[in-house]
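Now for the letters of each chain:
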Amino acid sequence: MPREQTSRTPDDIKAEVLASAQSGAFDSDIDKHRWSLLNGEFQIAAAAAAQLHNEGTHDFLQYFSDGVVQPLGQYAFFDVQHFFCAVLPSLDAPATEVVRLVMTMVRKAGANGVAGQPYFALREWASRNPQRPTAILAEMIDDAKVDFGAVSVALQAGAMLDKEHYVELAIAIMSDRVALRRRAAMSALGKFDLSTSPALRDQALNALAALCAPGADDAECATALGSIVEIFAREPSVLAGRVEPLVRAAGNGPHTLHSLADALFIHRKVLTEAMIDAVLEALRGVPAANTGTVQEIDMALSSMPYPANRERVARFLEAVALRSTDTIPVERFEHLTGNLLTEHMDTFIWLAIRWLRLGRFALCQALSAIIQHTGSDSVALTADLSAFTDKERVFIARKAVGFFPLQPYAAASVIVSAMRGASKETATTLSDLLFEMVLLNYSGARDRVAALAKQPTDPAAKYVKKALKLHDDYVKGLDAAQKMPELHPSERQRRAAFDRQRAVSAQIFKHARERSMLASIMHNVTVLYGHKTVDYVDTGDGELRRVESNMQPHGTTWEWPRLDTVDPTGFQFRIHLLRTERFSE
């Protein structure tokens, strides 16, 4: 969409910026987007503020000081930060003052994703004058003032002006007595573009590789390894033979593992197949408590092309989910599983059949949780099982029934898939399983099960029809029996069954709320009486706007397994047997 052009001249906007500053409304005008990004006025206003400051007409640095920034709310602050980053590169100001303001902005932003934006502005500012990188580094001499980002961007800016000098300086700082300065220098080396200077590139790689030797400090090894991969990413064909051994020899400390996960996510497209395998092998040891690393691995696995990588990803997930201690459940890889379900269903089905055949509880339970998390009972695991023996087909089908008791369509699709190509005896056994554990429990799933094998030429069709006939005869028998007082549950029994189902439903609702994105960002209001709610919304101009919302019921229904009501103990025991049985070779 083309950007609109402002109808006002730069001189008009410059005069307006000065008038706003002199009236004391400058921060407020920034917050109210007086100068819009959409029509180019924001950039003109930022340039005007820098020019007015450099001319000595008005001190604009005061609007970014600690005393002004700290009281600002979140939205107002990030508007001011954005303007600061646009103004800074063009400012003429001493390094002491510039660094102080950058630190103020970074501290105020906290853990927000754009907290590092002022560093990029600082790098641009420093790269415009050869004396500025040195001046910033001079501000970092005092141990109490050392800042990782400031040291790193100062070295990066210096390398834009004099690569040879700042490569040597960065390597020298890597031996500094202060760990933060050392790591900042390591990080900066990875940002230098040395692809046109092979000698400097090799010098940097040698210095970084020395920090990845066995027994090296974990945090420093992680930073050095990250920079090595960044240098490699610029010339993968040239450096593959040199960097592969370094990746293979990387340690297994938590920082190093996180660095490897970053490399896999950010640079997967340039990593060699051997390097990807080495990284995944190392990441099998990531502690479950390292949530950030697990999330980074999740993003990396999700971005891989499928089905080309399905084998290596399956092996990794199995390794971490089946560890003897400190397991990582497959459900924690939400981006990966969500991506497979929406974009690569064939790979998800392949993975599901693989894990049902393995029969390991953690993997099969993960499948159930993943399918259940979709909130739909329309996931069909229709697969080609021609590579499996009859005995394996029955085992896979029984595992599907055992682990998908609340997903009848998924269970039925596996059973019907197992029927195709099976012997008559095995297909009959599977037909009985379809009736006893799916249709008998979920009459509402009858038509959908019938659709799984509706073509007369389908080898599974006659066995599905047999199961459907057994179901229809069963339902007719229930209707023909009329009401028999002797078999009718007592009031106490019905109440006990109702209370049990209500308790289970409440538990499901509780878990759903815990995983709900809306519940995490919205507050809960309990209304004891009434038919509408009234809220007052701050419009931003000092007024409150009344908003009325009419209440109306909403809900959902699902079919409860029939046998769980008729014979809950027997039903749960059979599910337990199906889940725990082992395949006899």
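Residues numbered from 1 in each chain as written. Predicted model: local features only at pLDDT ≥ 70, side-chain atom pairs only at ≥ 80, totals over all residues. Heavy atoms only, no water.

Caption draft 1: Quick peek at helix 13 (residues 218-234). A rise of 1.5 Å per residue sets the reference length of helix 13, with its 17 residues, at 24 Å; its end C-alpha atoms lie 25 Å apart and thus fit the reference within 8%. With 13 of its 17 residues buried, helix 13 lies for the most part within the structure. (Helix = DSSP H or I, 4+ residues; strand = E, 2+ residues; numbered from the N terminus. Expected span 1.5 Å × (residues − 1). Buried < 20%, exposed > 50% of the residue type's maximum accessible area, 1.4 Å probe, protein only.)

Caption draft 2: Spatial organisation of the pattern of salt bridges. Summed over the entire model, instances satisfying the criterion amount to 32 salt bridges. The shortest N-O distance in the salt bridge between R242 and D202 comes to 3.2 Å. You can see R242 sitting in helix 14 (residues 236-248) and its partner D202 sitting in helix 12 (residues 198-209), a full 40 residues away along the chain. Judged by relative accessible area, which is 26%, D202 ranks as partly exposed. We note a salt bridge from R420 to D458, for which the minimum N-O separation is 2.8 Å. With a gap of 38 residues between them, R420 in the loop between helix 23 (408-419) and helix 24 (424-439) and D458 in the loop between helix 25 (446-451) and helix 26 (461-480) connect regions that are remote in the sequence. Take R420: its relative accessible area is 24%, and that puts it in the partly exposed class. (Salt bridge = Lys/Arg side-chain N within 4 Å of Asp/Glu carboxyl O.)

Caption draft 3: Main features of unusual backbone geometry. Of the consecutive residues Y306 and P307, the connecting peptide bond is found in the cis state with omega at 10°. Relative to the assigned elements, P307 resides in the loop between helix 17 (291-302) and helix 18 (310-321). With a phi close to 55°, D326 is a non-glycine residue in the positive phi region. The topology assignment puts D326 in the loop between helix 18 and helix 19 (334-343).

Caption draft 4: Inspection of the nonpolar core at higher detail. Ranked by internal contacts, the top residues of the largest apolar core, which has 174 residues, are F83, L155, L301, F333, L381, F404 and L434. The residues contacting L434, other than those within four sequence positions of it, are A412, I415, M419, L439, V449, V464 and A467. (Core = buried A, V, L, I, M, F, W, Y, C linked by side-chain atoms within 4.5 Å. Contact = heavy atoms within 4.5 Å.)

Caption draft 5: Expanded view of empty space enclosed by the protein. Applying the stated criterion across every chain, the model contains one cavity of 30 Å³ or more. Approximately 40 Å³ is the volume attributed to the largest cavity. Taken together, V401, F404, P405, P408, A411, M437, V438 and Y442 make up the full set of residues lining the largest cavity. Elements supplying a minimum of two residues to the lining of the largest cavity: helix 23 and helix 24. Here the residues of the lining of the largest cavity are counted per class, giving eight nonpolar, no polar and no charged. (1 Å grid on protein atoms, 1.4 Å probe; cavity = no way out; pocket = protein on both sides within 12 Å on 5 of 7 lines; lining within 4 Å. Points joined across faces, edges and corners; volume = space filled by probe spheres on them. Nonpolar A, V, L, I, M, F, W, Y, C, P; charged D, E, K, R; others polar.)

Caption draft 6: A look at the packing of aromatic side chains. Evaluated as defined, the whole model comprises 12 aromatic pairs. Aromatic pair F26 and F83: ring centres 5.4 Å apart, planes at 80°, arrangement edge-to-face. Here F83 lies in helix 5 (residues 74-87) and F26 lies in helix 2 (residues 26-31), a separation of 57 residues in the sequence. Classification of F26 as buried rests on a relative accessible area of 0%. Residue classification places F83 among the buried residues on the basis of a relative accessible area of 1%. By way of ring pairs, the aromatic residues F26, W35, F42, F60, Y63 and F83 are connected into one cluster. Against the face of F583 rests R357, its NZ or CZ located 4.0 Å from the ring centre. Against the face of Y409 rests R448, its NZ or CZ located 4.3 Å from the ring centre. (Phe/Tyr/Trp six-rings, centres within 6.5 Å; stacked < 30°, edge-to-face > 60°. Lys NZ or Arg CZ within 6 Å of the ring centre and 35° of its normal.)

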